[in-house]
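Secondary and tertiary structure notes
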Amino acid sequence: MIDLKSIGLGWMRKEAASGRMSRREFIQIAGAAGVTVAAADFMFAKAAKAAPNKGGHFIQALTGGGTKDVLDPAQTLDSYMINVSFGQLRNNLTEIAPDGSLIGELATEWEGLDGGKRWVFKIRSGVTFHNGKSLTPEDVVASFNHHRGPDSKSAASGLVKQIVEVKADGDNVVFDLEAGNADWPFIVSDYHLVICPANADGTMDWQSGTGTGSYKLESFEPGVNTRVIRNENYWKEGRAHFDSAENLFIPDAGARANALITGSLHAYSNLDLKTVGLMGRDPNIQIFPITGNKHAVLPMHVDTAPFDNLDVRLALKYAINREELVSKILRGQGEVGNDSPIGPANAYRATPEELPQRPYDPDKAKFHLKKAGLDSLKVQLSLADTAFEGAIDAGSLYAEAAKPAGIEIEVVREAEDSYWDNVWLKKPWCGGYWGGRPTEDWMFSQVYQAGADWNETKWANPRFNELLIQARSELDEKKRRDMYVEMQIICSEDGGALIPIFMAYTHAASTKIALPEQLANNWELDGHKNVERWSMA
């Protein structure tokens, strides 16, 4: 008897759903595996019914946008442009699949040589840009070089600085790195490292918005609206189901909810958790949280007083009631953080025995203030709800919890639409969030490595940076894990990042929208690929 699992029941369902496998073929294969005709017929009907509908105009509300948004992937900062640039207009060499595995996107295969110092990617043939130009290895080289060099202001500079040379070699692109990096195929899936066409002079054309993605740019009004239309020549089968899509920037959670309830929207993320229960009673709305590595952070600039004092940082870390934030801000949709960015979906996350949970302890906070030579402390914390869901309320709870420790926190409410331009990376203490990254090296390189453009705490720990380089090329799993655990401990005990909570991605969508069976958890909105993967019901 044929083992149905060995030939792939999931594959058969996908073939039936896409129309590539007939009812007769499905029943024959399933019958050879011992499935009755009636059962196989039911399975086929269910799979065929799940085939996505083509057509319709999809409207969604996104957060994290602003009037200074640009189409340059090097300057992509937050959810709005990630979804538009990475999820709709362009593709990467590799892609994180909904099940968390790494699959090829514009690269069909790759190979690591010389202990991971050299990586060779074979570029997919037959792919065209929106303007009709064929994809070539030279486009990939230009796209990566856009983020490199001493004058680059790319947010991905911390990732690509390890590249010694990137070059085209026939149908391949070859990366030579300064040291071995086993995670390089994951890193090239970063949303900054999308592929755009090369100009005649070898630079990258990002200004036109042209890419190889599922949708083509129709109009772009920064901080307001972006319209796209389906790429009829999209190279991925079974994707890009909507005729067109509209991306609205709506920073207010209440306004997003009202727009969905009244039918002006089809979907949005980052729900107001105080009203989720009420919205869930609406028969026309589907609510779905996704658990991943998303976490809130309150980064302190360690080069600015009083945060340049380790004992002040520790006092502030002991003065926050993390359990209260999970209960009152997240409504249970998450877990406490421990001042390390490595989350539940990472492979090398430290255990509670390796990194004991830091509790709420006002007396311990007082102890560290005294060690810093202070009897009390008064500081400003800049926040806006775009920083993370419920940030203003979280700041108020934190301020109350810190009072018994002799710490007065003044929560400064900043403008929502200019927060990421005028506050984040600029104010010495503010709020933010990270979607997390699939690998430890990726998260640490982009945000915690000394000199990285997104090092939001301006932290530079010599031991941490030494371990970061060593762990990249360490092939022994136990040794590699030990290094990443030590780095998490250093982050928690010395770093300027106060990470109080890990948050579920929260979403609401109209029942007019059909969702895939499995949703990605590496980012919100199905890994920011929702416009490509979803369809009308």
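Reading the values: rules and limits
- Residues numbered from 1 in each chain as written.
- Predicted model: local features only at pLDDT ≥ 70, side-chain atom pairs only at ≥ 80, totals over all residues.
- Heavy atoms only, no water.
- pLDDT = per-residue confidence, 0-100.
- Contact = heavy atoms within 4.5 Å.
- Helix = DSSP H or I, 4+ residues; strand = E, 2+ residues; numbered from the N terminus.
- Buried < 20%, exposed > 50% of the residue type's maximum accessible area, 1.4 Å probe, protein only.
- Polar contact = N/O pair within 3.5 Å; in protein donor to acceptor, adjacent residues only side chain to side chain.
- Pairing = 2+ DSSP bridges.
- Axes fitted to C-alpha atoms, helices over the stretch in contact; angles between N-to-C directions.
- Phe/Tyr/Trp six-rings, centres within 6.5 Å; stacked < 30°, edge-to-face > 60°.
- Lys NZ or Arg CZ within 6 Å of the ring centre and 35° of its normal.
- Core = buried A, V, L, I, M, F, W, Y, C linked by side-chain atoms within 4.5 Å.
- Disulfide = S-S within 2.5 Å.

**A few points about the confidence of the model for the chain**
Close inspection of predicted coordinates is inappropriate for parts of the model with low pLDDT. This prediction gives the chain a mean pLDDT of 92; 95% of its residues lie at or above 70. Counted against residues more than four places away or in other chains, residues 1-6, with its pLDDT under 50, gives twelve contacts.

**A look at the side chain of arginine 322**
On the secondary structure map, arginine 322 appears in helix H12 (residues 322-328). We classify arginine 322 as buried; its relative accessible area is 3%. Within polar-contact distance, the side chain of arginine 322 engages the backbone oxygen of isoleucine 499 at 3.1 Å. Excluding residues within four positions of it along the chain, arginine 322 makes contact with Lys317, Val336, Gly337, Asn338, Asp339, Gln357, Arg358, Leu498, Ile499, Pro500 and Ile501.

**Digging into the sheet that holds strand S6 (residues 163-169)**
Strand order across the open sheet formed by four strands is S4-S5-S7-S6, with antiparallel pairing between neighbours. The open sheet is flanked by strand S4 (107-113) and S6, the only strands paired with a single partner. Strand-to-strand twist of the sheet, defined as the mean angle between neighbouring strand axes without regard to direction, takes the value 15°. In this sheet, strand S7 (residues 172-177) lies alongside strand S5 (residues 118-123) in antiparallel orientation, the contact comprising five bridges. Following the sheet pairing, valine 120 is matched in S7 by valine 174.

**Concerning the environment of threonine 128**
Tracing the sequence through the fold places threonine 128 in the loop between S5 and helix H6 (137-145). Sequence separation of threonine 128 and tyrosine 234 is 106 residues, and the distance between their C-alpha atoms is 8.1 Å. Discounting chain neighbours no more than four positions away, the residues touching threonine 128 are Lys133, Ser134, Leu135, Gly211, Thr212 and Asn233.

**Section: the packing of aromatic side chains**
Tallying each qualifying case throughout the model produces 25 aromatic pairs. Ring plane angle 70° and centroid distance 5.3 Å describe the contact between tyrosine 191 and tryptophan 523, whose orientation is recorded as edge-to-face. Here the residue tyrosine 191 occupies a position in the loop between helix H8 (184-187) and strand S8 (215-221), and tryptophan 523 occupies one in the loop between strand S21 (513-514) and helix H19 (524-528), the gap between them amounting to 332 residues. In this pair, the class of tyrosine 191 matches that of tryptophan 523, namely buried. Centre to centre, the rings of tryptophan 459 and phenylalanine 464 are 5.0 Å apart; their planes meet at 55°, and the pair counts as tilted. The residues tryptophan 459 and phenylalanine 464 share a single accessibility class, namely buried. The structure contains a cluster of three or more aromatic residues connected by ring pairs, namely Tyr348, Phe444, Tyr448, Trp459, Phe464 and Tyr484. The lysine or arginine in question, arginine 349, covers the ring of phenylalanine 502, its NZ or CZ lying 5.1 Å from the ring centre. Over the ring of phenylalanine 86 we find lysine 529, and its NZ or CZ is 4.5 Å from the ring centre.

**Observations regarding unusual backbone geometry**
Going from alanine 305 to proline 306, the amide bond is cis rather than trans, its omega being 0°. Here proline 306 shows up in the loop between strand S13 (295-299) and helix H11 (310-318). For aspartate 526, which is not glycine, the phi torsion reads 55° and is therefore positive. Along the chain, aspartate 526 turns up in helix H19. Since its relative accessible area comes to 3%, aspartate 526 is described here as buried.

**Structural notes on the nonpolar core**
Grouped together as the largest cluster of nonpolar side chains are 103 residues, with contacts concentrated most on Leu316, Tyr398, Ile407, Trp429 and Tyr448. In terms of residue count, helix H14 (residues 391-402) provides more of this core than any other element does, seven residues in total. If near-sequence neighbours (up to four positions away) are discounted, leucine 316 is found in contact with Met300, Phe307, Leu377, Tyr398, Ile407, Trp429 and Leu498.

**What about the state of the cysteines?**
Applying the stated rule across the entire model yields zero disulfides. Lacking any disulfide linkage, cysteine 430 is separated from the closest cysteine sulfur, that of cysteine 491, by 17 Å. Overall, the relative accessible area of 3% leaves cysteine 491 in the buried class.

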